[in-house]
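Structural characterization, general
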Amino acid sequence: MRPFILVVEDEPPLQKLLAYNLGAAGFEVAAAFDGEEAITLLEERTPDLVLLDWMLPQLSGLELCRRLRRRQTTAHVPIIMLTARGEEPDRLRGLDTGADDFITKPFSPAELVARIRAVLRRVRPAFAEDVLEFHDLRMDLAAHRIYRGEQEIHLSPTEFRLLRHFLENPGRVFSRNQLLDRVWGTDLDIELRTVDATIRRLRRALNIEDRPDLLRTVRAEGYSLDQTACA
Ligand code: CA
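Residues numbered from 1 in each chain as written. Predicted model: local features only at pLDDT ≥ 70, side-chain atom pairs only at ≥ 80, totals over all residues. Heavy atoms only, no water.

1. Overview of the domain arrangement of the protein
It is common to give the size of an interface as the accessible area that goes away when the parts come together. As assigned here, the protein comprises domain 1 (4-125) and domain 2 (129-230). On a C-alpha basis, the centres of domain 1 and domain 2 stand 27 Å from each other. Taken together, the 11 residues of domain 1 in the interface contact 11 residues of domain 2. Counting each side, the surface lost to burial between domain 1 and domain 2 is near 900 Å², with a carbon and sulfur contribution of 43%. Remark: the boundary between domain 1 and domain 2 carries one salt bridge. As a salt-bridge pair, Arg172 and Asp101 come within 2.8 Å of each other at their nearest N and O atoms. (Domains from an automatic or database assignment. Contact = heavy atoms within 4.5 Å. Buried area = accessible area lost by both parts, 1.4 Å probe. Salt bridge = Lys/Arg side-chain N within 4 Å of Asp/Glu carboxyl O.)

What follows is the structure, given as structure tokens:
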């Protein structure tokens, strides 16, 4: 079953680009320019996920988000908000928006698709896929194999779990403590520098040939899987 995504974005070029990229990634897509049009489309068919621009004319993204949460048919539909730089997702998360995730513009199509898949997996396990993808990285969970482009990558079990965590949460920064917690488990007495060492090994394993580095080190914060790391 192809997940059905409703895109609400008032800028025509961006709406077109989003619809194109999501269609290419295998999603079914409907697009609306504003909140009113979105509600009309929602009444025809309930989407599996709504990609919602924060800045919309008339009915704002925030208000539409709240309305969707109040409607019986859309109360549980996952919502990803698109925000402009400077609108700080962390601050928005604090507002009671009801959104499941925030993506800051500009973003890469690969990151967008990965984030949508991550939210769908979390909210609707029926959409869970056996393959996690980011950029030219592909993790086949069923076969327990990882590829960078065509080439297979071999990882230790911990490196595999660490990479899986990043692939399930692309673009998000995790502190070393959070990674210890989620990848190693809380009951183990492991030092923070183990995280750095494992990241180093993972990076070495992934950066075959002259492929760009996908693991970003955020000074004093932690690490993320991020295409901007290529720059
Ligand atoms: Ca807009």
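After that view, the rundown keeps rolling.
2. Re the packing of helix H6 (residues 157-168) against helix H7 (residues 176-184)
Between H6 and H7, the least distance of the axes is 10 Å, while the angle of their chain directions is 115 degrees. Taken together, the axes of H6 and H7 are roughly perpendicular relative to one another. Two packed elements cross with a definite hand, and for H6 against H7 that hand is right-handed. Facing H6, whose interface residues are Thr158, Arg161, Leu162, His165 and Phe166, H7 presents Leu179, Arg182, Val183 and Trp184. Counted by class, the contact of H6 with H7 contains five nonpolar, two polar and two charged residues. (Axes fitted to C-alpha atoms, helices over the stretch in contact; angles between N-to-C directions. Helix = DSSP H or I, 4+ residues; strand = E, 2+ residues; numbered from the N terminus. Parallel < 35°, antiparallel > 145°, perpendicular 65-115°, else oblique. Left-handed = near helix turned anticlockwise from the far one by under 90°. Nonpolar A, V, L, I, M, F, W, Y, C, P; charged D, E, K, R; others polar.)

3. Section: the side chain of Asp196
Summarising the element assignment, Asp196 is placed in helix H8 (residues 192-206). Take Asp196: its relative accessible area is 15%, and that puts it in the buried class. Polar side-chain contacts of Asp196 include one of 2.6 Å to the side chain of Arg176. (Buried < 20%, exposed > 50% of the residue type's maximum accessible area, 1.4 Å probe, protein only. Polar contact = N/O pair within 3.5 Å; in protein donor to acceptor, adjacent residues only side chain to side chain.)

4. Structural notes on the environment of Ala32
Among the structural elements, Ala32 can be located in strand E2 (residues 28-32). Here Ala32 falls in the buried class, since its relative accessible area comes to 0%. The sequence separation of Ala32 and Glu9 amounts to 23 residues, and the corresponding C-alpha distance is 6.5 Å. Among all residues touching Ala32, those that are not within four sequence positions of it are Leu6, Val7, Val8, Glu9, Gln15, Glu37, Ala38 and Leu41.

5. Some points on the coordination of the calcium ion
Protein coordination at the calcium ion comes from Asp10 (OD), Asp53 (OD) and Met55 (O), with a distance range of 2.0 to 2.3 Å. Mapping the donors of the calcium ion onto the primary sequence gives the spacing D-x42-D-x1-M. Remark: Met55 occurs in the loop between strand E3 (49-53) and helix H3 (61-70) and Asp10 occurs in the loop between strand E1 (4-8) and helix H1 (12-24); sequence separation between them is 45 residues. A relative accessible area of 25% places Asp10 in the partly exposed class. (Donors = N, O, S within 2.8 Å, 3.2 Å for Na, K, Ca; no water.)

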